[in-house]
Amino acid sequence: MHLLQELKRITRIKNSMSAAVYFIPAYTRRCFVNLGAFVSSWLNPYLCPMKNLLFAAGLLLSIQSFSQQNLIKYVNPFIGTEKMGHTYPGATAPFGSVQLSPETDTIPFEVNGKYNGDVYKYCAGYRYEDKTITGFSHTHFSGTGHSDLGDFLIMPTVGKLQMNPGVAADPLTGFRSGFSHNDEKAAAGYYSVLLKDDNIKAELTASTRVGFHQYSFPKTDQAHIILDLMSGVYNYEGKTVWTFVRVLNDSTVTGYRQTNGWSRTRTVYFAMKFSQPFKSFGKKNFEGKQPYNGFWGKFNQNINFPEVAGKNIRMHFDFDAAAGASIKVKLALSPVSQANALQNISAEIPGWDFNAIKQQTQNDWEKELNKIQITASENDKTNFYTAMYHAFINPTVYGDVNKEYKGLDQDIHKADDFTNYTTFSLWDTYRALHPFFTIVQPSRNNDMIKSMMAHFDQSVQNMLPIWSHYANDNWCMSGYHSVSVIADAIVKGVYKGDANRALDACIATAKKRNYEGIGLYIDNGFIPAESSGISVSNTLEYAYDDWALAQAAKKLNRMDVYDEFIKRSQNWKNNFDGSTGFMRPKLADGTFKKTFDPYSTEGQGFIEGNSWNYSFFVPHDPPGLMSAMGGQKKFGQRLDTLFNMHLPDEFFAHTEDITREGIIGGYVHGNEPAHHVAYFYNWTEKPWKTQETVRMILEKQYKATPDGLGGNDDCGQMSAWYMFSALGFYPVNPGSDAYELGSPIVDNATFQLENGKIFMIETVNQSKKNVYVQKVLLNGKIVTGHSIKHADIINGGRLAFYMAAKPRK
């Protein structure tokens, strides 16, 4: 005990005496831990007390040295902005309500009454391939495959006032500007670019609810700042239902915007303040002649008129700009009112020190990124911390500093004991993002579930969210995966609310008979192909969600519920055709649909995928699936075929969410349904293939370049897969407390857990060639099998992977 007591004594005095222990390098700390592991593994049991002391010494020294590192230097917000990633480069705070980022074109949702496929490229508003910027708006989704938002676009200009954005081929035809990536910078919490046509340097930062702009103009008496209330992502004629603006004085403007898009009934309020008074202002209405305008014609509403309303409006504010000076703009958002938006400004950015707010937001990002400190190559650090950055953008805070927010019922509510969140892309994020939060963001995840419960309470449908944002459910994608998120949190002890009430909400959602075939699913054990174009994927996803629900019921000792839903979780078998080994559509009479192509993504009963990928979507019962496919050997062979076949372009030509960049063999990593499949080799007679396959995916699908993501980041899911796999484990079936082991690419990782404990990962003999795990030690003891438990992480300790260039067969 003397060594441990001495270490504790040094801990107590280190701050006052600068104890040498505090400065012991990481290598020395690891030696303590490794020596403890060596004693545990190789020496006789009489030395176990020594092992415990040495291991404790290593842990304690690691805790003492856990100081904040400069990690935002590894965040590259441009990753994913080219091709399929659909991320944005602009400024945002962790989980912030404001996502202040550039728009690079004005592509409409439809042309001549038909869907315009090019709009898909602009889900995040910004496209790295473009050469012009039309302005900077305050709301964006990160990485989605459908879109909305793009509210309150601001654009600075000089010279003759232009109120139309013009066209990309000739930016001088409007207020847009050309730009170069050489003059563009992006970092966590900061974005800047030179608008070349007017020689204006634009800089952006943000707090949680306020966007902060700084524009450095050339000397001019014709400086303008345009507020575009028409602009939006996935825009179309009629999307903007109404806008309202009040000019309160010569530097303060408030208002709101109401839209009908992916979020059907969405109202966003704003308050905007300028750092210097504007000398004049005005508006232009693009609605054309209206059948009725009341008696407002008594005023000239176009120039210096303080109350503006309409559907298609742009405002301009005019200034004199001095050489070397800048004009700053603060724009706050609120889901509730203009008054709350003003209060958000006063609370979060009361002054005009741009650099101070930038530093504050970047400090916030440093705090979040330092939850996991890794040692790895510079390239891998960039990928890892950019992934963490993207993972900590969504879900987003949805409520004001006074805790008020607009609910699903369109009434005003107050989140007294939690922070309210929105942007729940649950079809994507239940898989890895929310499980990641159970480890590194448990309090936020708890609040996110409380937000889902508030959604349920306000829902006239009596359902948990499917895909919700801005006080709306947009009902996108399949399954009812809020059930998975809630069950996972209950099983892992993360949810601190009324767990039985949350389970009741899960049950009500899973029994909503009139929602997307649930009644047919309950009655038949599958959804007939005649009733749904995605009958198979829905059945498979419902079955998994039912299994997760059953695990939560078991945790709460509600065995009647467990029995009901564990039985439902076996419904995947009803769409499995043993004669072909594939999941396939089944007709109402119980026969399989005759026309069937396991390679095609169109018309085969699956959403955003084909049968080759979806046939492995039984994350909750790998042994059962393996048995159905013919046993260990045949199961492994089918996995080999998936990863090594060639899938011609024609089989995914009709699915915009899948492109060649996101495919390895026939395995689609660029979309979510098969994200767990590489870990299925752990159930075969060749588990080492999980290790080589995971490392191959990490290498091929994630690069530190603008086109570095093979598919949509999908609100952080793609990034969460990367982080888990880079660390060496993955949640194959959320709702379980187990994580499947893979092959880490980090040399070391240290988690600073919310409960104050430290969890360490070390990879011995790490290299690009040494992808195969020879053994794994947890706290000095050999791990048998291929998984670890959630408690192994949360309780703190050390996980060591020993690597080699050849598999241990």
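Since this is a predicted model, take the numbers as computed values, not measurements.

**Q** What is the right way to read the overall build of the protein from this model?
**A** When you go through the protein residue by residue, the secondary structure sums to 20 helices and 39 strands. Against the 2.2 N^0.38 benchmark of 28 Å for 809 residues, the protein shows a C-alpha radius of gyration of 28 Å, consistent with a compact globule. Looking at the protein as a whole, 63% of its 809 residues qualify as buried. Carbon together with sulfur atoms contributes 50% to the accessible area of the protein, which is approximately 29800 Å² in total. Computed over 80 positive and 78 negative side-chain charges, the separation of the two mean positions in the protein equals 6 Å.

**Q** Help me understand the layout of surface pockets, please; the structure alone is not making it clear to me.
**A** Within this model, the largest pocket holds a volume of roughly 560 Å³. Across the lining of the largest pocket, the residue classes tally to 11 nonpolar, 11 polar and seven charged. What lines the second largest pocket is a set of 20 residues, and nearest its centre among them are N285, N293, W296, Q301 and A309. When contributions to the lining of the second largest pocket are tallied by element, the ones reaching two or more residues are strand 14 (240–249), strand 17 (280–285) and strand 18 (307–310). With four residues, strand 18 is the largest single contributor of residues to the lining of the second largest pocket. Looking at side-chain class alone, the lining of the second largest pocket contains seven nonpolar, nine polar and four charged residues.

**Q** Got a minute to help me understand the pattern of salt bridges in this structure?
**A** Side-chain pairs of opposite charge can arise whenever the charged atoms involved come near each other. Under the definition given, this model contains 25 salt bridges. Here E368 and K371 are joined by a salt bridge, their closest N and O atoms 3.9 Å apart. Under the relative-accessibility criterion, E368 is labelled buried at 7%. Here K371 falls in the buried class, since its relative accessible area comes to 15%. Here the salt bridges share partners, and the residues they tie into one network are R127, E129 and D130.

**Q** When you look at the sheet that holds strand 35 (residues 758–764) in this model, what are you seeing that I'm missing?
**A** Adjacent strands of a sheet pair through backbone hydrogen bonds, lying either parallel or antiparallel. Sheet architecture is open: six strands sit in the order 21-34-35-39-36-37, paired in mixed fashion. The open sheet has two edge strands, strand 21 (372–375) and strand 37 (781–782), and neither has a second partner. Two elements, strand 21 and strand 34 (residues 748–752), share four bridges in a ladder whose sense is antiparallel. If you follow Q373 over to strand 34, its bridge partner there is T750.

**Q** Help me understand the state of the cysteines, please; the structure alone is not making it clear to me.
**A** Formally, a disulfide is one covalent bond, and it connects the sulfur atom of one cysteine to the sulfur atom of another. Applying the stated criterion across every chain yields a total of zero disulfides. Residue C123 stays outside any disulfide, its sulfur separated by 10 Å from that of C476, the closest cysteine.

**Q** I tried to follow the sheet that holds strand 33 (residues 738–741) on my own but got confused; where do I start?
**A** The strand order across the open sheet built from three strands is 32-33-38, with neighbouring strands paired in antiparallel fashion. One side of each edge strand has no neighbouring strand; the edge strands of this open sheet are strand 32 (729–730) and strand 38 (787–789). Bridge count between strand 32 and strand 33: two bridges; the pairing is antiparallel. Looking at strand 33, one finds that F729 is bridged to L741.

**Q** Before we go on, may I ask you to explain unusual backbone geometry in this structure?
**A** Negative phi characterises most residues that are not glycine, and trans characterises most peptide bonds. Residue N394 is joined to P395 through a cis peptide bond whose omega torsion reads -10 degrees. Secondary-structure assignment places P395 in the loop between helix 6 (378–391) and strand 22 (396–397). If you check the backbone angles, C715 has positive phi at about 55 degrees while not being a glycine. By the secondary structure assignment, C715 is in the loop between helix 18 (688–701) and helix 19 (717–727). For C715, a relative accessible area of 1% gives the class buried.

**Q** How should the packing of helix 11 (residues 499–510) against helix 13 (residues 535–555) be read in this particular structure?
**A** Packed helices, taken two at a time, are described by their axes: the angle between them and the distance between them. Helix 13 packs onto helix 11 with a crossing angle of 155 degrees between their chain directions and a minimal axis gap of 10 Å. The orientation of helix 11 with respect to helix 13, classified from their angle, is roughly antiparallel. For helix 11 against helix 13, the interelement crossing comes out left-handed. Here L503, C506, I507 and A510 of helix 11 come into contact with helix 13, specifically with D546, L549, A552 and A553. Per-class residue counts for the contact of helix 11 with helix 13 are seven nonpolar, no polar and one charged.

**Q** Would you take a moment to explain the nonpolar core for this structure?
**A** Proteins that are soluble and globular tend to have nonpolar side chains buried together. Counting residues in each nonpolar core, the largest one holds 200 residues, and the members touching the most others are F136, F729 and F751. The element that contributes the greatest number of residues to this core is helix 13, accounting for 11 residues.

**Q** Would you explain empty space enclosed by the protein in this entry?
**A** Leftover empty space is mapped by rolling, across the atoms, a probe with the size of a water molecule. Here the structure, examined in full by the defined rule, presents six cavities of 30 Å³ or more. Counted as a void, the largest cavity has a volume near 160 Å³. Listing elements by their share of the lining of the largest cavity, those giving two or more residues are strand 23 (404–406), strand 25 (421–422) and helix 9 (442–458). The dominant element in the lining of the largest cavity, judged by the number of residues it contributes, is helix 9, at five residues. Grouping the amino acids of the lining of the largest cavity by side-chain chemistry returns nine nonpolar, nine polar and one charged. Roughly 110 Å³ of internal volume is contained in the second largest cavity. In terms of lining residues, the second largest cavity is bounded by 13 residues, among which S97, L333, P335, Y398 and Y470 are the most central. Of all elements in the fold, only strand 20 (326–334) and strand 22 reach the threshold of two or more residues within the lining of the second largest cavity. A per-class count over the lining of the second largest cavity returns six nonpolar, five polar and two charged.

**Q** What is the right way to read the pairing of strand 10 (residues 190–195) from this model?
**A** Of all six residues making up strand 10, five are buried, and the element is well covered by its neighbours. What sits between the antiparallel neighbours strand 9 (residues 184–187) and strand 10 is a turn of two residues, in which G189 has the positive phi angle 80 degrees. In the sheet, strand 10 pairs with strand 11 (residues 200–206) via five bridges, with the strands oriented antiparallel. Each residue of the ladder has a partner; that of S192, found in strand 11, is E203. Where strand 10 folds back on strand 11, the antiparallel hairpin that results is connected by four residues, among which N199 adopts a positive phi of roughly 55 degrees.

**Q** Quick question: what am I supposed to make of helix 4 (residues 338–348) here?
**A** One turn of the α-helix equals 3.6 residues, which is why residues spaced by three or four share an orientation. Turning to helix 4, its buried residues number three or more, namely Q338, N340, A341, N344, I345 and E348. Taken around the axis of helix 4, the buried residues stretch over an arc of 160 degrees, which confines them to a single face. Exposed positions of helix 4 whose direction lies more than 90 degrees from the buried face are A339, S346 and A347.

**Q** Would you mind going over the packing of helix 5 (residues 354–369) against helix 6 with me for this structure?
**A** Interhelical geometry of helix 5 versus helix 6 gives an angle of 110 degrees and a closest axis separation of 10 Å. Between helix 5 and helix 6, the crossing angle belongs to the class labelled roughly perpendicular. The handedness of the crossing between helix 5 and helix 6 is right-handed. Contacts between helix 5 and helix 6 involve W365, E368 and L369 from the former and Y385, M388 and Y389 from the latter.

**Q** Got a minute to help me understand the confidence of the model for the protein in this structure?
**A** When pLDDT drops low, the exact placement of atoms in the prediction is not to be read closely. This prediction gives the protein a mean pLDDT of 92; 92% of its residues lie at or above 70. Contacts for the low-pLDDT stretch residues 1–52, under 50 throughout, to residues beyond four places or in other chains number 59 contacts.

**Q** What is the right way to look at the side chain of N613 in this model?
**A** Along the chain, N613 turns up in helix 15 (residues 611–614). Only 3.0 Å separates the side chain of N613 from the backbone oxygen of G666, close enough to count as a polar contact. A distance of 3.1 Å separates a polar atom in the side chain of N613 from the backbone nitrogen of V668. With sequence-adjacent residues up to four places away left out, N613 is seen in contact with L642, G666, Y667, V668 and A674.

Conventions we followed
Residues numbered from 1 in each chain as written. Predicted model: local features only at pLDDT ≥ 70, side-chain atom pairs only at ≥ 80, totals over all residues. Heavy atoms only, no water. Helix = DSSP H or I, 4+ residues; strand = E, 2+ residues; numbered from the N terminus. Rg over C-alpha atoms; globule rule 2.2 N^0.38 Å. Buried < 20%, exposed > 50% of the residue type's maximum accessible area, 1.4 Å probe, protein only. Areas by Shrake-Rupley, 256 points an atom, 1.4 Å probe, with all protein chains shown as cover. Lys, Arg positive; Asp, Glu negative; His and termini not counted. Charge placed at Lys NZ, Arg CZ, Asp CG, Glu CD. 1 Å grid on protein atoms, 1.4 Å probe; cavity = no way out; pocket = protein on both sides within 12 Å on 5 of 7 lines; lining within 4 Å. Points joined across faces, edges and corners; volume = space filled by probe spheres on them. Nonpolar A, V, L, I, M, F, W, Y, C, P; charged D, E, K, R; others polar. Salt bridge = Lys/Arg side-chain N within 4 Å of Asp/Glu carboxyl O. Pairing = 2+ DSSP bridges. Disulfide = S-S within 2.5 Å. Axes fitted to C-alpha atoms, helices over the stretch in contact; angles between N-to-C directions. Parallel < 35°, antiparallel > 145°, perpendicular 65-115°, else oblique. Left-handed = near helix turned anticlockwise from the far one by under 90°. Contact = heavy atoms within 4.5 Å. Core = buried A, V, L, I, M, F, W, Y, C linked by side-chain atoms within 4.5 Å. Arc of directions from axis to C-beta. pLDDT = per-residue confidence, 0-100. Polar contact = N/O pair within 3.5 Å; in protein donor to acceptor, adjacent residues only side chain to side chain.

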